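Below, each chain spelled out in residue letters.
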Amino acid sequence: MTTDKTMDTYKRTGLVFVKGSGCVLEDEDGEKYLDFASGIGVSSLGHGHPELAKAIAEQAARLIHVSNYYQTKEAAALSEELCAAAGMDSVFLCNSGAEANECAIKVARKWGEGRGKGGSHKSRIVTLTGSFHGRTVTTLAATGQEKFHAHFAPLTPGFSHVPANDAGALEAALGEDACALMLEPLQGEGGVVPLSDDYLKRAARLCAERGILLIADEIQCGVGRTGTFLALQRLGIKPDIATIAKGLAGGVPIGAALARGEAAKALGKGDHGSTFGGNPLAAAAARVVLRTVTAPGFMEAVELKGKRILAAVGSWNHPLVKDARGRGLMLGVVVSVPPDKIKALCIERGLLVLTAGEDVVRLLPPLVIGEEEIDRGLAILRDALDAAAE
Ligand SMILES: Cc1ncc(COP(=O)(O)O)c(C=O)c1O
């Protein structure tokens, strides 16, 4: 690419991709790359998935957009199917993760009206350090990482952050003025940091006992990526609100805020909206993804693939690998050299990976990846680590 007027916000690799098939991407020079990134956890069915491409093409020919003044069969069907998969009562469809979280925050704030001490407005939202909730001014305020806040003050007030996996700190922070606790069950951008099962159960219990909504930001870890539709379903925890996006429509922009119980009814006419949200094109794509990931055995296979990767990385006893963690196909390899260095060495060898936090090589392969591809990618990763250790 010779010219690019895009604002200079991305640290790009220099690669220019022109097509993809399955878990392989091809650049403008015809070089092929095995994809262990899925964009950033988005291309859940890989590239050029025939059923997904067909559904998008057919929907585009039939109807792309009508606005939310009208219902469409595709959005109505998707809403039903999403609520069924997530165990929720209602859904707001939008276009991205940040938007889904904005909706969740609005639901929580409106729900909190009049529920505080003496009929006051419970409006504070507690989130965790190391979290990432989006790039809008409000979701940045929710994000518990200072580095994302710089330059953009004043951020939206009413958020407080407590250390992740510290139940005592959480207990102290969930006061009477709090309307919600928002957390990623498995933190993504923060470095693929799992919240412990005990901590998550305690958090859910505290919220229920104190009349505080639990918002699960499952934008990265949801939609089957960790082996259950919502990551919290593995523990039998039912959040009041769950947000999903990324892999939900296999690459077509979409986001969804799902809600249950009182939260499901908090917003009324005129409280929220989106020009593009729930358009039939995105809905048709999401229905294919949903059908695929909820098919019998699919998510169990995702969990096993993750175990295969973790076992392999663990068996290397590599001097640069400090830890390998995560679940399903959301994994982090903690390294003792800058992860960008490993990423660059992987790319040179034909493997796309991501980084996260300060010291993590992040793996988010398409959920449809096969065992042979996993082994091939792992061999490249190991070779890249060896090269970095030289
Ligand atoms: C957990 C989580 N929440 C929110 C977001 C924001 O999503 P989007 O970039 O689609 O706005 C992300 C994106 O990385 C994420 O990982």
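Residues numbered from 1 in each chain as written. Predicted model: local features only at pLDDT ≥ 70, side-chain atom pairs only at ≥ 80, totals over all residues. Heavy atoms only, no water.

Asks: Help me out: how do you make sense of the sheet that holds strand S6 (residues 159-162) in this one?
Replies: In sheet architecture, strand pairing relies on hydrogen bonds along the backbone and comes in two forms, parallel and antiparallel. What the seven strands build is an open sheet, ordered S4-S12-S11-S10-S7-S5-S6; its pairing is mixed. In this open sheet, the two edge strands, each paired with only one partner strand, are strand S4 (90-94) and S6. Between one strand and the next, the sheet's axes are offset by a mean angle of 20°, whatever the strand orientation. Direction of pairing for strand S11 (residues 241-244) relative to strand S12 (residues 255-259): antiparallel, over a ladder of four bridges. Counted as the bridge partner of Thr243 is Ala257 from S12. (Pairing = 2+ DSSP bridges. Helix = DSSP H or I, 4+ residues; strand = E, 2+ residues; numbered from the N terminus. Axes fitted to C-alpha atoms, helices over the stretch in contact; angles between N-to-C directions.)

Asks: How should I be thinking about the environment of Gly168 in this particular structure?
Replies: One can find Gly168 in helix H6 (residues 167-173). Taking the C-alpha atoms as reference, Gly168 lies 40 Å from Gly278; in sequence the two are 110 residues apart.

Asks: Sorry, what's going on with the pattern of salt bridges here?
Replies: It is possible for side chains of opposite charge to pair when their charged atoms get near one another. Taken as a whole, this structure holds 23 salt bridges when the rule is applied. Asp4 serves as the salt-bridge partner of Arg12, at 3.7 Å between the closest nitrogen and oxygen. Note on Arg12: relative accessible area 53%, which makes it exposed. Here Asp4 falls in the partly exposed class, since its relative accessible area comes to 47%. With a shortest N-O distance of 3.7 Å, Glu358 and Lys147 are connected by a salt bridge. One end of the pair, Glu358, is in the loop between strand S16 (354-356) and strand S17 (360-363); the other, Lys147, is in the loop between helix H5 (137-142) and S6, and 211 residues separate them in sequence. (Salt bridge = Lys/Arg side-chain N within 4 Å of Asp/Glu carboxyl O. Buried < 20%, exposed > 50% of the residue type's maximum accessible area, 1.4 Å probe, protein only.)

Asks: What should I look at first to understand the pairing of strand S10 (residues 213-217) in this one?
Replies: Two faces belong to every sheet, and in a regular strand the side chains alternate between them. Buried residues dominate S10, accounting for five of its five residues. Judged by which residues are buried, S10 turns out to be covered on both faces: Leu213, Ile215 and Asp217 on one side and Leu214 and Ala216 on the other are all buried. Two strands pair when backbone bridges link them, and strand S7 (residues 178-183) and S10 are joined in this way by four bridges, in the parallel orientation. Each bridged residue has a counterpart across the sheet, and for Met182 the counterpart in S10 is Ile215. By the bridge criterion, three bridges tie S10 to S11 in an arrangement that is parallel. Note on S11: the bridge partner recorded for Asp217 is Thr243.

Asks: What am I meant to see in the site of the ligand here?
Replies: Near the ligand lie 13 residues; those nearest to it are Gly97, Ala98, Asp217, Gln220 and Lys246. Contact between the ligand and Phe132: a nitrogen atom at 3.3 Å from a main-chain N or O atom of the residue. Note that an oxygen atom of the ligand is positioned 3.0 Å from one of the side-chain N or O atoms of Lys246. Here the ligand, which alone exposes 390 Å², has 83% of that area covered by the protein. Partitioned by chemical class, the residues of the shell around the ligand number three nonpolar, six polar and four charged. (Near = heavy atom within 4 Å. Polar contact = N/O pair within 3.5 Å; in protein donor to acceptor, adjacent residues only side chain to side chain. Areas by Shrake-Rupley, 256 points an atom, 1.4 Å probe, with all protein chains shown as cover. Nonpolar A, V, L, I, M, F, W, Y, C, P; charged D, E, K, R; others polar.)

Asks: Can you help me understand the sheet that holds strand S3 (residues 32-35) in this one?
Replies: Taken together, the four strands give an open sheet; going across it, the order is S1-S2-S3-S15, and neighbouring strands pair in mixed fashion. If you trace the sheet from one side to the other, it starts and ends with strand S1 (17-21) and strand S15 (351-352), each paired once. Note: strand S2 (residues 24-27) against S3, three bridges, orientation antiparallel. Residue Glu26 lies in a different strand from S3, and its bridge partner there is Lys32.

Asks: Would you take a moment to explain the packing of helix H11 (residues 339-348) against helix H12 (residues 371-389) for this structure?
Replies: To characterise two packed helices, one gives the angle between the axes of the helices and the distance between these axes. Contact pair H11 / H12: the axes reach a minimum separation of 9 Å and the direction vectors enclose 125°. One way to sum up the angle between H11 and H12 is to call them oblique. The interaxial crossing formed by H11 with H12 has right-handed handedness. On the side of H11, the interface is formed by Lys341, Ile342, Leu345 and Cys346, while H12 contributes Ile380, Leu381, Ala384, Leu385, Ala387 and Ala388. When its residues are assigned to classes, the contact of H11 with H12 shows nine nonpolar, no polar and one charged. (Parallel < 35°, antiparallel > 145°, perpendicular 65-115°, else oblique. Left-handed = near helix turned anticlockwise from the far one by under 90°. Contact = heavy atoms within 4.5 Å.)

Asks: For this particular structure, what's the right way to read the nonpolar core?
Replies: Generally speaking, nonpolar side chains in soluble globular proteins are found buried as a group. Ranked by internal contacts, the top residues of the largest apolar core, which has 62 residues, are Leu82, Phe229, Ile244, Ile342, Leu363 and Leu381. In terms of residue count, the dominant contributor to this core is helix H9 (residues 280-293) (eight residues). Not counting residues within four places of it along the chain, the set of residues in contact with Leu82 comprises Val91, Leu93, Phe229, Ile244, Leu248, Ala256, Leu258 and Leu290. Membership of the second largest hydrophobic core comes to 24 residues, among which are Ala178, Leu183, Cys207 and Leu235. (Core = buried A, V, L, I, M, F, W, Y, C linked by side-chain atoms within 4.5 Å.)

Read these as geometric descriptors, not functional statements.
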